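# Structural features, examined
One letter stands for each residue in the lines below.
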Amino acid sequence: MSVTIYHNPACGTSRNTLALIRATGVEPEVIHYLETPPTRDELVSLIKRMGIAPRDLLREKGTPFAELGLGDRSLTADQLLDAMMEHPVLINRPIVVGPKGARLCRPSEEVLSLLDRALSGDFVKEDGEVVLANG
């Protein structure tokens, strides 16, 4: 089973998602997207696979979202993609590509719907929340 996670180790949701993948016995390809951002074509492909609009992938908190005026609804998809390419921190995370599709995994347990394997036991997230193995 091939799984890829676009990961930011400074993000708790991203860390929990990675740990959940590993708790199913899968070692994913980990792409630290702030250091190695996807190309524009890769980003467009991910957005299509997730079935969302570029605006749905924008992260506001802790980014130059407001400074760049990205809340302006008149901006085109291309303009939003340009901003994400110039400032990868604007790309929300974690994005996971698995055998059952691609998704922005917020909350982290969303990743389980993308995998062919289930958790082998209950999983405890960093904040103490429990994700039950049997759903």
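Report on the accompanying structure.

So, how was this worked out
- Residues numbered from 1 in each chain as written.
- Predicted model: local features only at pLDDT ≥ 70, side-chain atom pairs only at ≥ 80, totals over all residues.
- Heavy atoms only, no water.
- Helix = DSSP H or I, 4+ residues; strand = E, 2+ residues; numbered from the N terminus.
- Buried < 20%, exposed > 50% of the residue type's maximum accessible area, 1.4 Å probe, protein only.
- Arc of directions from axis to C-beta.
- Contact = heavy atoms within 4.5 Å.
- Polar contact = N/O pair within 3.5 Å; in protein donor to acceptor, adjacent residues only side chain to side chain.

## Examining unusual backbone geometry
A cis amide bond links Arg93 to the next residue, Pro94, at an omega of -5 degrees. Mapped onto the elements, Pro94 comes out in the loop between α3 (77–86) and β3 (95–98). Geometrically, the link from Arg106 to Pro107 is a cis peptide bond, its omega value of 5 degrees lying close to zero. Relative to the elements of secondary structure, Pro107 occurs in the loop between β4 (101–104) and β5 (123–124).

## Examining α3
The complete set of buried residues in α3 reads Leu80, Leu81, Ala83 and Met84. The arc enclosing the buried residues of α3, seen along the axis, measures out at 160 degrees, which places them on a common side. Summarising the contacts, the buried residues of α3 are in contact with α2 (40–50).

## Here we look at the environment of Ser113
The topology assignment puts Ser113 in the loop between β4 and β5. As for Ser113 and Pro28, which are separated by 85 residues in sequence, their C-alpha atoms are 15 Å apart. Discounting residues that sit within four places of it in the chain, Ser113 has contacts with Lys100 and Arg103. Only 2.8 Å separates the side chain of Ser113 from the backbone oxygen of Glu110, close enough to count as a polar contact.

Coordinates in, geometry out; function isn't part of it.
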